[in-house]
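Observations on the three-dimensional arrangement
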Amino acid sequence: MPSIQQWTAASGNYIFTAASRIVTSTVALQTAAGLLAADLRAVTGYPVPIASGTPAVGDVVLTAGSFGDEGYRLALAGTATISGSTAGVFYGTQTLLQMLKQNRSLPQGTATDAPVYRDRGFMIDTGRKFYTIDWLHARVRELAYLKYNRLNLHLSDDQEFRIESSSHPEVVSATHYTKAQIAELVAYAAQYRITIVPEIDMPGHMTRILRDKPSLSLVRNNGTRSLDLSSDQAWPLARDLITEYLPLFTGPYWHLGADEWLSAAEMSQFPQLDQRAHQLFGKSATGRDLQYDFINKINHLVRANGKTLRIWNDQLVPGTVVNVAPTVQIAHWYGSTDMTPQTLADRGHDLINANWNQLYYIVGISRPDPAAIYESFVPNQFAFGTGNTTIARSDPHLLGSQLSLWGEPGRDEPENDIATNLKDPLRALIQGTWGSPKPASTYNTYTAIIRAVGDAPAGGTAPPPPKPTPPAVPAPTTTVPAEVRASGTSTIKVRTSKTVRRIFTFTSSTNGTPMASAQFSVRVTLPGGRTVHQAHTTNSNGQITVPIKTSTKAGAGKVVISYGGSPKVDAAMFTVPVTVTR
C-alpha cells in the first residue's frame, strides 16, 4: 500500500527464512538496511543480520539503480533484490516489509514502482492542540510505512507558539517543544525519508506572538491579531523568529502560512496600511501589496538559506501592484474570489492540493471520509467556491496532495483516538497521490487490503538518536555574565504536593538599577522528569514570581532561568537547585 505501478510475474517462490540476511555493499543504503533489519526482526522473530558480499538464497539485497528520484525495482527470485535511488530503495523495503508481514513465501516476479506525484504530505496543527513528541514520532513511522514524504508542522497560531525561542522567549507557550526535541524529530524523520516542513504563521494568526506588542498589532473583527506591516518593526520581528529556526530544520522547505491576514474590509479599518503602500509602491497600491511584499522578503530570506518557501493560497488575488514571486509554492485549500489553481500554475507557482472539502480533519468538528477520498478524490481536483476546479493531471506545477489535521479552540479529542481516526483516510489518500492503479474498485473492497497490510511494525524501528544526558544539578552558587545580576537563586526547598512561589530580582551590574520589562524564559524540572515551561516579564522592580508545584515524588530538581529579552545584552542563564522532600 499503495499498490505498485507494474508487476511481471514469474514461476516459483521467494522464501524468507531464519537464515535470511540483508546484504548491501552500498554505503548510502546502510540506513535503509538497518531499518529493514530491525523491522523484519520485529515481524518474524528471526535474527536478520546485515552483511556485505555474495548473497545467498533467501537474502534481501539492496543495491543502487536508476529508476527515477523515488523509483525502485523489486525482483523476487532466489533473493529479494531492491534496486534504485536511496529514497527508492527505502520505499522498496517498505513494499517488501508489507508483503512479508502477510506471508514469508512470496510469488517470484518483478515489481517496478515510482510515484506519480512527488509531494505526499500530512499536516499537524500543534498551535491549537499540543501533541506529545512520542505521538509525532509514531506519525512519522506510519507515514513512512505508507510512502508519504512530507510532514508539515504548524508550530504557531493565534492560540499558542509551540517551540522554544532564544530570540523572543516571551512568545513561547508554557507547553512547547524544545529545540533538542525538534532536532531529534527532524533527524528521526530523515531516516525514514520524511521531510519536516516547519510553519510559523505570519503575518496573520499572530495573536500569541503579538499579545504584548500592541504597537505591532492589528486587531481583527474576530479579536485576533495580525502583524501591522506598515511598521518598521514588523520585519525585524519576523526576521528574528525565522532566522533562529532555519538551521534547526534541515529540509529544503519553509512554510510561512501567510493566510487570513486581513480581509479587504478589515484593511480599510487601518489607513496606515494604504499610506505605507503608497509610499513604497505608488498611489494604486494597497495593504495587500504590503502583504505580498512581506511574503517576497521572507522568500528572499529562506532562499538565501537554501530553502523553498510555501504559503496557503487564500488572499492571493489578481490586480495588485506587487506579485508574489513565482518561486513560492502554494498549498491550495479553498477559494472563491482568490486566484484559481490554474491561474497560480500559469504564473509559475507549484501547487500542493490541500482540498478542505475532502482532506481536512478538524478536531471535535469533522473528519475526512476515506471512502470519498478513495473513490472520488484526485490530486488535480481542487476546492473552489462551492464546488471544485481542476488542472491537468500532468501539469508540472502539480506537486501532490496533503491531508491536514487542524485543532479547534474549545474542542478536543485524545491523541490516540485521533491516530485511530486518521488511519483509513491516510491510507485512502496515499493510493491516489502515489498514482498507481487502484487495487480495488470500491473502498469497501480496499478495506481488506488495509487490514492485510496493517500498521508499521511496533518496536522494530530504529530508535531516535539518543537524548543527551542531562547535567547534574549544580551547587547553589551561580556564575553569570557581568551584565545581569540575580538575587533569589539559593536552593529552593519544598515538600511534595505543595506549591511555592519564589521571587527573583534582576538588576544591571553596570549601574545597579532594576531590570524592568525584561523577558525571561523559565524551565522548572521536578522529580519524575516532569518539566514545566514558563515565560515571564519583570515588573518595575525587576522582579518575576515563579510558581513551583510539586507532585508526590521526592528528589532533586531545578529551575533554569534564561534571559533573552529587550534591551539586548549577552544571554544570562541562572540555574537554581530544587530539593523536594516528603
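For the structure, check the block above.
The notes below deal with the structure included here. (Residues numbered from 1 in each chain as written. Predicted model: local features only at pLDDT ≥ 70, side-chain atom pairs only at ≥ 80, totals over all residues. Heavy atoms only, no water.)

Turning to the overall build of the chain, a few remarks are in order. Scanning the chain from N- to C-terminus turns up 13 helices and 28 strands. In terms of overall dimensions, the chain is globule-like: its C-alpha atoms have a radius of gyration of 27 Å, near the 25 Å expected for 582 residues. Along the first, second and third principal axes, the C-alpha set of the chain runs to 85 × 65 × 40 Å. Restricting the contact set of the chain to residue pairs at least 6 apart, pairs at least 24 apart contribute 70%. (Helix = DSSP H or I, 4+ residues; strand = E, 2+ residues; numbered from the N terminus. Rg over C-alpha atoms; globule rule 2.2 N^0.38 Å. Contact = heavy atoms within 4.5 Å.)

With that settled, the discussion passes to the packing of helix H2 (residues 86-102) against helix H3 (residues 133-145). At their nearest, the axes of H2 and H3 sit 9 Å apart, and the two run at 90 degrees to each other. As summarised for this structure, H2 and H3 are arranged roughly perpendicular, according to the angle between their axes. On H3, the residues touching Phe90, Gln94, Leu97, Gln98 and Lys101 of H2 are Arg141, Ala144 and Tyr145. Partitioning the contact of H2 with H3 into residue classes produces four nonpolar, two polar and two charged. (Axes fitted to C-alpha atoms, helices over the stretch in contact; angles between N-to-C directions. Parallel < 35°, antiparallel > 145°, perpendicular 65-115°, else oblique. Nonpolar A, V, L, I, M, F, W, Y, C, P; charged D, E, K, R; others polar.)

So, on to the nonpolar core. Phe249, Leu256 and Leu405 are the most contacted members of the largest nonpolar core, which totals 130 residues. The greatest single-element share of this core, amounting to eight residues, is contributed by helix H12 (residues 415-434). Excluding residues that lie within four positions of it along the chain, Phe249 makes contacts with Leu155, Ile163, Ile182, Val186, Ile196, Pro198, Trp254 and Lys307. Within the second largest apolar cluster, 19 residues are counted, among which are Ile492, Val494, Val522 and Ile561. (Core = buried A, V, L, I, M, F, W, Y, C linked by side-chain atoms within 4.5 Å. Buried < 20%, exposed > 50% of the residue type's maximum accessible area, 1.4 Å probe, protein only.)

With the rule as written, the count across this model stands at 18 aromatic pairs. Consider the rings of Tyr91 and Trp434, whose centres lie 5.7 Å apart with planes at 85 degrees: the pair is edge-to-face. Taken together, the residues span a long stretch of sequence, with Tyr91 in helix H2 and Trp434 in helix H12 at a distance of 343 residues. The interplanar angle of 25 degrees and the centroid separation of 4.5 Å between the aromatic rings of Tyr131 and Trp135 together place this pair among those described as stacked. There is no split in this pair, since Tyr131 and Trp135 are both buried. The aromatic ring of Trp135 is capped on one face by Arg139, whose charged end is 4.6 Å from the ring centroid. Above the plane of the ring of Tyr253 lies Arg310, whose end atom (NZ or CZ) is 4.0 Å from the centre. (Phe/Tyr/Trp six-rings, centres within 6.5 Å; stacked < 30°, edge-to-face > 60°. Lys NZ or Arg CZ within 6 Å of the ring centre and 35° of its normal.)

Moving on, we get to the sheet that holds strand E6 (residues 80-84). Strand pairs in the sheet, formed through backbone hydrogen bonds, run parallel or antiparallel to each other. The mixed open sheet is built from seven strands, whose spatial order is E1-E7-E5-E6-E4-E2-E3. In this open sheet, the two edge strands, each paired with only one partner strand, are strand E1 (6-15) and strand E3 (50-51). As judged from the two bridges shared by strand E2 (residues 22-23) and E3, these two strands associate in the parallel manner. Residue pairing for E3: Ile22 is matched across the bridge by Ile50. With respect to the sheet, H2 is in contact with strand E4 (60-64), strand E5 (72-76), E6 and strand E7 (105-113), its orientation differing from that of E5 by roughly 40 degrees. (Pairing = 2+ DSSP bridges.)

Taking 1.5 Å as the rise per residue, helix H4 (residues 179-191) with 13 residues should run 18 Å; its terminal C-alpha atoms sit 19 Å apart, in good agreement. Every buried residue of H4 is accounted for by Ile182, Glu184, Leu185, Val186, Tyr188 and Ala189. Buried positions along H4 lie against H3, strand E9 (150-154) and strand E10 (195-202). Positioned one or two residues after H4, Arg193 has a phi angle of 60 degrees, which is positive. (Expected span 1.5 Å × (residues − 1).)

If you trace the backbone, Asp259 turns up in the loop between strand E13 (253-257) and helix H7 (264-267). Arg128 provides the closest opposite charge to the buried, salt-bridge-free Asp259, at an N-O distance of 6.5 Å. Sequence-distant contacts of Asp259, that is, excluding residues within four places in its chain, are made with Asp201, Gly204, His205, Trp312 and Asp314. (Lys, Arg positive; Asp, Glu negative; His and termini not counted. Salt bridge = Lys/Arg side-chain N within 4 Å of Asp/Glu carboxyl O.)

Next up on the list: the pairing of strand E20 (residues 398-406). Counting buried positions along E20 yields nine of nine residues, so the element is predominantly enclosed. Bridge analysis of strand E8 (residues 119-125) against E20 gives six bridges, and the strand direction is parallel. Each residue of the ladder has a partner; that of Arg120, found in E20, is Ser401. Of the strand pairs in this sheet, strand E16 (residues 351-353) and E20 are connected by three bridges, and their pairing is parallel. Within the sheet, the bridge partner assigned to Asn353 lies in E20 and is Ser401. For strand E17 (residues 360-362) and E20, the ladder comprises three bridges, and the chain directions are parallel. Along E20, the bridge assignment pairs Tyr360 with Ser404.

Take the pairing of E8 next. Taking burial as the measure, the seven residues of E8 include seven buried ones, the bulk of the element. Taken together, the five bridges between E8 and E9 define a ladder with parallel strand orientation. Within E9, the residue paired with Met123 across the bridge is Asn152. As for the winding sense of the linkage, the β-α-β connection from E8 through H3 to E9 is right-handed. (Right-handed = clockwise from strand over helix to strand, strands pointing away.)

This part covers H12. Look at H12: 27 Å from first C-alpha to last across 20 residues, which is about the 28 Å you get at 1.5 Å a residue. Where H12 bends most, at Leu422, the angle is about 35 degrees, and the proline Pro425 comes one to four residues later. Two residues or fewer after H12 comes Gly435, characterised by a positive phi angle close to 90 degrees. (Bend = angle between axes of the 7 residues up to and from the residue.)

Examined against the element boundaries, Lys129 turns out to sit in the loop between E8 and H3. A polar side-chain atom of Lys129 sits 2.8 Å from a polar atom in the side chain of Asp412. Within the structure, Lys129 has its side chain in polar contact with the backbone oxygen of Glu413 (distance 3.1 Å). Non-local contacts of Lys129, meaning those with residues more than four positions away in its chain, are made with Arg162, Val363, Asp412, Glu413 and Ile418. (Polar contact = N/O pair within 3.5 Å; in protein donor to acceptor, adjacent residues only side chain to side chain.)

At a closest axis distance of 11 Å, the pairing of helix H1 (residues 30-44) and H2 adopts a crossing angle of 10 degrees. Considering the angle they form, H1 stands roughly parallel to H2. Across from Leu35, Leu36, Asp39, Leu40 and Val43 in H1, the residues of H2 making contact are Phe90, Thr93, Leu97, Leu100 and Lys101. Looking at the contact of H1 with H2 residue by residue, the classes come out as seven nonpolar, one polar and two charged.

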